[in-house]
Amino acid sequence: MDVNEFRRRGKEVVDAIADYYENLDSVPPLSAVSPGYLYKIMPNEAPEDPESFEDIQADIKTKIMPGMTHWQSGNFFAWFPSNSSFPAILGDMYSSMFNIVGFNWICSPAATELETVVMDWLGKLVGLDKRYMGIKDDGTEGTGGGVIQGTASEAHIVVMIAGREKALERLKAQGLSEDDADKMRYKFVAYFSDQTHSAGQKAANIIGCKTHTVSTGDDLRLTKQALQAAIAADKAAGLIPFFVCGTFGTTNTTAIDDLPGIAEVAESEHMWNHVDAAYAGAALVCPEFRPLAAGIERADSFNFNAHKWMLTNFDCSALWVADSTHLVNALSIHREYFPPAEDSTSFVKNYRDWQLPLGRRFRALKLWFVLRMYGASGIRAHIREHVRQAKWLEEKLLADGRFEILAPTVFGLVVFRLKASAIAKSDQDTNLESLNKANTDLVAYCNEDGRLFMLSTQLKGVVAVRVAIGSSFGTQKNVDLVLDVLKESASRVIAEL
């Protein structure tokens, strides 16, 4: 393919992408293929000779498209959103054009410096404390800063490594030799709640530390008191607390942990305090949500996924640390083929030392496009509209009389179920098993309808329905459809009892 054909084919692809988005709501959001479908219709080996662009385009339509679940559909309500936007797509096109491997400043100075700039922009936009800024107000280098990770799971791993480094340094400061301090690693314990994302446990598995899952109460929040009790028990057993994760907006219900209380405990126990705001952190662009996040200013690290609810295509997970020293010390490895910049300034950051891989894409470009083409006002409008839609759905479900809300609707997630009185026969009591089955069937019937996709979850043994509103391309009519399908499916469930 020469440049002239690329020019022609590129325009065709852009047209195909635009057509896809224009017609997305007319396509069932959930793929209906069976496992192994593609293996049966694809060749066993790569082609020996070149194939035409037309043949590949045809295969996209006939082979790939049937196996796609359409996350960008306005009728996709299953998991938290994976926002796409046209500005972000354009930024990604430029990133693909440059195709750099940006492991240090000299690889492409613009890539490093733009990331530092936009992460400070974004940090200020969500109201982060100045400790997290890479550049101080006077233009000098800050001790903290932001970096774009691939996912919140990667962010979890790198900050847990930084927390371990901090704990080891503290042991050595107390007089232990490096070897003796290293021997204490097996005693390190990380703390999560039973509502923390699975990324926390995976990070602990990778770095090889113990974990303590702290039970939450009826409000599904990690509290200061529960954390203190868990730490006391572990210290009595000779273990060393070193890391705790509080969550701003849990996956199941968007519960918000006791962040001020967790910060107080972390400070007294010299633990690394990480706040995972993967989904709900985007809401902090709206000042009205910031009181809910009291305590994040005391954390060692804070992370949210711009690729979830902030109009930036995957992958773009924004991580800030208040002090990058332990992170860089833990992950920095020098080789002669990593030449340093001759004039070191506050903008010369080697982001390879802030992440797991060496190479990194120019992800800051798409974030830059989004921040500039939407502006703060456009992003706030995007968030507020989804919150309005979620509260509207909550109101209509309650007005129906057959549903009950199981968790506060704070952001774009509505968590509910058919209530016992809706499925009870005469005055007979309805047990949890039958109630759970009714709500499992409710979700199954909604998905069977084919016009939308949603999921259930379990809250301490109770089956709950989750409707996650947040598509970049969704409108009120999509939420109207959810309500209609829920009502129809509820009637079917009740009629079949």
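In what follows, the structure referred to is the one given above.
The following refers to the structure shown. Here the structure is a predicted model, which is why all the values come from computation and not from measurement.

Time to look at the overall build of the protein chain. Helix and strand content of the protein chain: 16 helices and 11 strands. Radius of gyration (C-alpha) of the protein chain: 25 Å, near the 23 Å computed for a compact globule of 497 residues. Counting only C-alpha atoms and orienting by the principal axes, one finds that the protein chain spans roughly 70 × 70 × 50 Å. On the protein chain, the mean spot of the 50 positive side-chain charges and the mean spot of the 63 negative ones are 3 Å from each other.

Attention now moves to the packing of helix α5 (residues 109-125) against helix α13 (residues 364-400). Where α5 meets α13, the axes come as close as 10 Å, and the angle between the chain directions of the two elements is 25°. Between α5 and α13, the interaxial angle falls into the category roughly parallel. Where α5 crosses over α13, the two elements pack in a sense that is left-handed. For the pair α5 and α13, the contacting residues are Leu114, Glu115, Val118, Met119, Trp121, Leu122 and Leu125 in the first and Ala364, Leu365, Leu367, Trp368, Leu371, Arg372, Ala376, Ile379 and Arg380 in the second. Grouping the constituent residues of the contact of α5 with α13 by class yields 13 nonpolar, no polar and 3 charged.

Counting across every chain of the model gives 32 salt bridges. Residue arginine 131 is joined to aspartate 129 by a salt bridge in which the shortest nitrogen-to-oxygen separation is 3.8 Å. A residue is classified by how much of its surface remains accessible, and aspartate 129, at 31% relative accessible area, is partly exposed. Close ionic contact of aspartate 180 with lysine 183 constitutes a salt bridge, the shortest N to O distance being 4.0 Å. Here aspartate 180 and its partner lysine 183 are both found in helix α7 (residues 178-183), 3 residues apart, which amounts to about one turn of the helix. Residue aspartate 180 is classed as partly exposed on the basis of its relative accessible area, which comes to 38%. Overall, the relative accessible area of 56% leaves lysine 183 in the exposed class.

This brings us to the sheet that holds strand β1 (residues 145-149). Sheets are built from strands paired through backbone hydrogen bonds, the pairs being either parallel or antiparallel. Pairing is mixed across the open sheet formed by 7 strands, whose spatial order is β1-β7-β6-β5-β4-β2-β3. Both outer strands of the open sheet, β1 and β3 (210-214), are each paired with one neighbouring strand and no more. Ignoring strand direction, the axes of neighbouring strands in this sheet form an average angle of 20°. Of the pairings in the sheet, the one linking strand β6 (residues 301-305) to strand β7 (residues 317-321) comprises 5 bridges and is antiparallel in character. Paired with phenylalanine 304 across the strands is alanine 318, a residue of β7.

Looking now at the nonpolar core. Within the largest apolar cluster, 59 residues are counted, with the highest numbers of intra-cluster contacts made by Phe248, Phe302, Phe304, Met310 and Leu367. Counting residues per element, the ones that place at least two in this core are α5, β6, α11 (306-309), β7, α13, β9 (413-418) and β11 (462-468). The element contributing the most residues to this core is α13, with 9 residues. Those residues in contact with phenylalanine 302, other than ones at most four positions away along the chain, are Leu128, Tyr132, His274, Val275, Ala277, Leu284, Ile296, Ala318, Leu319 and Trp320. Counting residues in each nonpolar core, the second largest holds 30 residues, with Ile157, Ala167, Phe192 and Cys245 among its members.

Okay, the packing of aromatic side chains next. Taken as a whole and judged by the stated rule, the model has 24 aromatic pairs. The interplanar angle of 0° and the centroid separation of 3.8 Å between the aromatic rings of phenylalanine 80 and tyrosine 279 together place this pair among those described as stacked. Highlighted residues: phenylalanine 80 in the loop between α3 (53-64) and α4 (86-98) and tyrosine 279 in the loop between β5 (272-276) and β6, separated in sequence by 199 residues. The residues phenylalanine 80 and tyrosine 279 share a single accessibility class, namely buried. Cluster of aromatic residues (ring-pair linked, three or more members): Phe80, Phe248, Tyr279, Phe289, Trp309 and Phe411. The ring of tyrosine 132 carries the charged tip of arginine 131 above its face, separated from the ring centre by 5.3 Å. Arginine 492 extends its terminal NZ or CZ atom over the ring of tyrosine 445, reaching a point 3.7 Å from the ring centre.

Further remarks concern the environment of histidine 70. Position of histidine 70 among the secondary structure elements: in the loop between α3 and α4. What makes histidine 70 buried here is its relative accessible area of 3%. Spatially, the C-alpha atom of histidine 70 lies 22 Å from that of alanine 282, the residues being 212 residues apart in sequence. Those residues in contact with histidine 70, other than ones at most four positions away along the chain, are Tyr20, Leu24, Val27, Pro28, Pro29, Met65 and Phe76. In this structure the side chain of histidine 70 is engaged in a polar contact, spanning 3.5 Å, whose partner is the backbone oxygen of methionine 68.

With that out of the way, let us pick up the side chain of histidine 156. For histidine 156, the position within the fold is in helix α6 (residues 152-173). Those residues in contact with histidine 156 that sit more than four places away from it in its chain are Phe192, Ala199, Gly200, Ala203, Phe243, Cys245, His274 and Asp276.

Turning next to a negative patch on the surface. A cluster of acidic residues, Glu48, Asp49, Glu51 and Asp55, forms a negative patch on the protein surface. You can see aspartate 55 is positioned in helix α3.

Turning our eyes to something else, we now look at unusual backbone geometry. Cis geometry is found at the peptide bond from phenylalanine 314 to aspartate 315, where omega equals 5°. With a phi close to 60°, histidine 270 is a non-glycine residue in the positive phi region. Looking at where histidine 270 falls in the secondary structure, it is placed in the loop between α10 (259-269) and β5. By relative accessible area, which is 41% here, histidine 270 ends up partly exposed. Positive phi, close to 65°, is recorded for leucine 311, a residue that is not glycine. Note that leucine 311 resides in the loop between α11 and β7. Accessibility expressed as a relative area gives 2% for leucine 311, which makes it buried.

Calculation criteria
Residues numbered from 1 in each chain as written. Predicted model: local features only at pLDDT ≥ 70, side-chain atom pairs only at ≥ 80, totals over all residues. Heavy atoms only, no water. Helix = DSSP H or I, 4+ residues; strand = E, 2+ residues; numbered from the N terminus. Rg over C-alpha atoms; globule rule 2.2 N^0.38 Å. Lys, Arg positive; Asp, Glu negative; His and termini not counted. Charge placed at Lys NZ, Arg CZ, Asp CG, Glu CD. Axes fitted to C-alpha atoms, helices over the stretch in contact; angles between N-to-C directions. Parallel < 35°, antiparallel > 145°, perpendicular 65-115°, else oblique. Left-handed = near helix turned anticlockwise from the far one by under 90°. Contact = heavy atoms within 4.5 Å. Nonpolar A, V, L, I, M, F, W, Y, C, P; charged D, E, K, R; others polar. Salt bridge = Lys/Arg side-chain N within 4 Å of Asp/Glu carboxyl O. Buried < 20%, exposed > 50% of the residue type's maximum accessible area, 1.4 Å probe, protein only. Pairing = 2+ DSSP bridges. Core = buried A, V, L, I, M, F, W, Y, C linked by side-chain atoms within 4.5 Å. Phe/Tyr/Trp six-rings, centres within 6.5 Å; stacked < 30°, edge-to-face > 60°. Lys NZ or Arg CZ within 6 Å of the ring centre and 35° of its normal. Polar contact = N/O pair within 3.5 Å; in protein donor to acceptor, adjacent residues only side chain to side chain. Patch = residues over 30% accessible without salt bridge, like charges linked within 9 Å, V, L, I, M, F, W, Y side chains within 5 Å. Areas by Shrake-Rupley, 256 points an atom, 1.4 Å probe, with all protein chains shown as cover.

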